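# Geometric and topological summary
One-letter residues, chain by chain:
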Amino acid sequence: MNPLYPIWLRLIVPEIFLALAAFLMLGLAALKDPLWRRWIPFLSLLSCVLTLGAVLAYTWRFGTDLLGQATITSGFGGMFLLDAYSIFFKVLFLIAAILTILISGRYLDVERAQSGEYYALMMFAVVGMMFMASAGDFLVLFVALETMALSFYILVGYLKTNRKSNEGALKYFLLGSFSTGILLYGVSLIYGTTGALNFKLIGAARSAAALGTDQAPFFMLGVVLVTVGLGFKIAAVPFHMWAPDAYEGAPTPITAFLSTASKAAAFVVLVRVFAIAFGRLDADWALLLAILSVGSMTLGNIAAILQDNIKRMLAYSSISHAGYALLGVIAVGLGESLETREWGVQAVILYLFIYTFVNIGAFGLVAMLRREQIVGDRLSDFAGLSGRAPLSAFAMLVFLLSLAGIPATAGFVGKWYLFGAAVRADYTWLAVVAVVNSAISLYYYARIVVMMYMREPGDGVRIAPSLGQRVAITACIAFTIVFGIYPQPILTFARNSILALAPWAS
């Protein structure tokens, strides 16, 4: 055996640990003893917390210091990359999983669907995301992407007796399968024209003009097809058709997890692939992403206005936020200076980090309204919430203001950096479109606020969240307010997380 393999294996210790923990949850779920099964949520939470600690420990062990100068460690022949950029997103995925587990307990009890498979699948999805964050090769990317996707296909349809859950899972599975085929076809064209699957080698082939003019059209078609495949994962228009039904039908905590961690996983790949492998085709793919951005922002916000179901409303809102995040990716491609490209990467990862807390907090409040005979996802279910649960209503108000990008919230900081990235890349018109769309979003967010504060409650039943839900929502609202007022710590975290990527984006 190559003596380097033990060293390389150390790079994936957090992923191995979390995968083994997921298998353990499956084993405990098979036991008939209810005492052991009752420990599954806590053990799942503990596993994610320990994995998060291991990821942060590797920050210093392999020379990638998020508080200082960053380096990169590669393993398995360059197929696996461990740098500040990948570690940032692994931290994000694990935080999203921890928050989702906290808001899941009471919800699953009400749905009578508490089981170990739920938590195991969630952890398998995180394992896939973590490998996506470190993918340096299309082969690793595909395996990791399918690990995540297959877990989500099952989780979306987890409520087996719910027809909406079944319908959403079926649509997600069918469209996801088509998008996977398109992605693989694009990868095959890229491999056929460059002879490489490694992102750096593909970029080098383009830099050295190794492709003849007769091969260039096939390579460009491969780039377009890869864009389509990844566009499905971020739910960008016109590849968004699955999102509203999947978000509405899935268990609400899974909807929160899908709309944040899954989207962030797709963006981590999108930035790395386009910045490294397709870095010499900046103007071509940046224009393509600009079209997707405008379509996602506009259609997402307009469609959200027409929704009375909160989960569908937030689904269309999520589509529009994918359009906002694409502004940063465009800046990576069109920035004439390294500083502008770095700003684009920083804006993307900062926005996704903020969006994770804000959106999980909003969906957590929707999950909290789930009670016997009351689904809690209709607009009318929020009527008079300020009288029944004033703190919950205030939390929802803060989350909605942050999603709209109102100053003094973390969402404003994220949008400020994204819009600034578009302006720096000389795409000022795109920033203007984004500002207009943010103004449009205020309308449907305000509908929820009006319902909470200016309508009489329908049933007058008081809200009784679980301890886990209280902890998760408190953490989300604290993050949204504190870092909206004083964002410097997360700005430093995001800025240092792009240092290892910057040389490839130049």
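A quick note: this is a predicted structure, and the numbers were derived from the prediction, not measured. (Residues numbered from 1 in each chain as written. Predicted model: local features only at pLDDT ≥ 70, side-chain atom pairs only at ≥ 80, totals over all residues. Heavy atoms only, no water.)

### Quick word on the overall build of the chain
Along the chain, the regular secondary structure elements total 22 helices and two strands. Within the chain, the fraction of its 506 residues that count as buried is 63%. Contacts spanning at least 24 positions in sequence make up 79% of the contacts within the chain whose residues lie at least 6 apart. (Helix = DSSP H or I, 4+ residues; strand = E, 2+ residues; numbered from the N terminus. Buried < 20%, exposed > 50% of the residue type's maximum accessible area, 1.4 Å probe, protein only. Contact = heavy atoms within 4.5 Å.)

### Details of the environment of I98
Its place among the elements puts I98 in helix α5 (residues 84–111). C-alpha separation for the pair I98 and L45, spaced 53 residues apart in sequence, amounts to 6.0 Å. Not counting residues up to four positions away in its chain, the partners in contact with I98 are L45, C48, V49 and L52.

### Here's the deal with the pattern of salt bridges
Applying the stated criterion across every chain, the model contains eight salt bridges. For D83, the salt bridge identified is with R272, shortest N-O distance 3.4 Å. You can see D83 sitting in strand β2 (residues 80–83) and its partner R272 sitting in helix α12 (residues 252–277), a full 189 residues away along the chain. In terms of burial, D83 and R272 fall into one category: buried. Of the charged contacts, one joins R312 and D245 as a salt bridge, the two residues approaching to 3.0 Å between their closest N and O atoms. With R312 in helix α14 (residues 310–334) and D245 in helix α11 (residues 243–249), this pair connects stretches of sequence that are 67 residues apart. (Salt bridge = Lys/Arg side-chain N within 4 Å of Asp/Glu carboxyl O.)

### Observations concerning a nonpolar patch on the surface
On the surface, a cluster of nonpolar side chains totalling about 570 Å² of accessible area is made up of F17, L35, W39, F42, L46 and L50. Ranked by residues supplied to the nonpolar patch, first place goes to helix α4 (residues 40–61) with three residues. (Patch = residues over 30% accessible without salt bridge, like charges linked within 9 Å, V, L, I, M, F, W, Y side chains within 5 Å. Areas by Shrake-Rupley, 256 points an atom, 1.4 Å probe, with all protein chains shown as cover.)

### Some remarks on the confidence of the model for the chain
Taken over all residues, the pLDDT of the chain has a mean of 84, while the share at 70 or more is 89%. The low-confidence segment residues 63–69 (pLDDT under 50) makes 24 contacts with residues lying over four places distant or belonging to another chain. (pLDDT = per-residue confidence, 0-100.)

### Looking at the pairing of strand β1 (residues 72–75)
Going residue by residue along β1, you find T73 and G75 tucked away on one face and I72 and S74 left uncovered on the opposite face. In the sheet, β1 pairs with β2 via four bridges, with the strands oriented antiparallel. Across the sheet, residue I72 finds its bridge partner in β2, namely D83. In textbook terms, the turn of a hairpin is the stretch between consecutive antiparallel strands, and for β1 and β2 this stretch comprises four residues, one of which, F76, has a positive phi near 55 degrees. (Pairing = 2+ DSSP bridges.)

### So, the packing of helix α6 (residues 116–133) against α12
Where α6 meets α12, the closest approach of the two axes is 9 Å, and the angle between their N-to-C directions is 15 degrees. Taken as axis vectors, α6 and α12 run roughly parallel relative to one another. By crossing handedness, the relation of α6 to α12 is classed as left-handed. Mapping the contact onto sequence places Y118, M122, A125, V126, M129, M132 and A133 in α6 and P253, I254, F257, A261, S262, A265, A266, V268, V269 and R272 in α12. Looking at side-chain class alone, the contact of α6 with α12 contains 15 nonpolar, one polar and one charged residues. (Axes fitted to C-alpha atoms, helices over the stretch in contact; angles between N-to-C directions. Parallel < 35°, antiparallel > 145°, perpendicular 65-115°, else oblique. Left-handed = near helix turned anticlockwise from the far one by under 90°. Nonpolar A, V, L, I, M, F, W, Y, C, P; charged D, E, K, R; others polar.)

### Considering the nonpolar core
Buried together is how nonpolar side chains tend to be arranged in soluble globular proteins. Counting residues in hydrophobic clusters, the biggest one holds 192 residues, and the most contacted among them are F93 and F278. If you tally residues by element for this core, the top one is helix α15 (residues 338–368), at 20 residues. For F278, the contacting residues outside a window of four places in its chain are F138, I190, F219, V223, V226, V273 and W285. (Core = buried A, V, L, I, M, F, W, Y, C linked by side-chain atoms within 4.5 Å.)

### A closer look at the side chain of K90
Examined against the element boundaries, K90 turns out to sit in helix α5. Polar side-chain contacts of K90 include one of 2.9 Å to the side chain of S134. (Polar contact = N/O pair within 3.5 Å; in protein donor to acceptor, adjacent residues only side chain to side chain.)

### Concerning unusual backbone geometry
Here the amide bond leading from V237 into P238 is cis, since omega sits at 5 degrees, within 30 degrees of zero. Here P238 shows up in the loop between α10 (216–233) and α11. Positive phi, close to 60 degrees, is recorded for A235, a residue that is not glycine. Here A235 shows up in the loop between α10 and α11. A residue is classified by how much of its surface remains accessible, and A235, at 1% relative accessible area, is buried. In this structure, D426 is a non-glycine residue whose phi angle is positive, near 65 degrees.

### Structural notes on empty space enclosed by the protein
Enumeration according to the criterion identifies two cavities of 30 Å³ or more in this entry. Here the largest cavity defines a volume of roughly 50 Å³. In terms of lining residues, the largest cavity is bounded by H321, Y351, I354, Y355, V358, S402, L403, G411 and K415. Every element with two or more residues in the lining of the largest cavity is listed here: α15, α17 (390–404) and α18 (410–424). Top element by residues in the lining of the largest cavity is α15. It accounts for four residues. (1 Å grid on protein atoms, 1.4 Å probe; cavity = no way out; pocket = protein on both sides within 12 Å on 5 of 7 lines; lining within 4 Å. Points joined across faces, edges and corners; volume = space filled by probe spheres on them.)

### Overview of the packing of aromatic side chains
One pass over the structure, following the stated rule, counts 28 aromatic pairs. Here F88 and F353 contribute two aromatic rings whose centre-to-centre distance is 5.4 Å and whose plane-to-plane angle is 50 degrees, an arrangement assigned as tilted. Here F88, found in helix α5, pairs with F353, found in helix α15; they are 265 residues apart in sequence, far enough to count as distant. Accessibility assignment for this pair places F88 and F353 in one class, buried. Ring centres of W242 and Y247 lie 6.0 Å apart, and the angle between their planes is 70 degrees; this geometry places the pair in the edge-to-face category. Since its relative accessible area comes to 2%, W242 is described here as buried. Residue classification places Y247 among the buried residues on the basis of a relative accessible area of 2%. (Phe/Tyr/Trp six-rings, centres within 6.5 Å; stacked < 30°, edge-to-face > 60°.)

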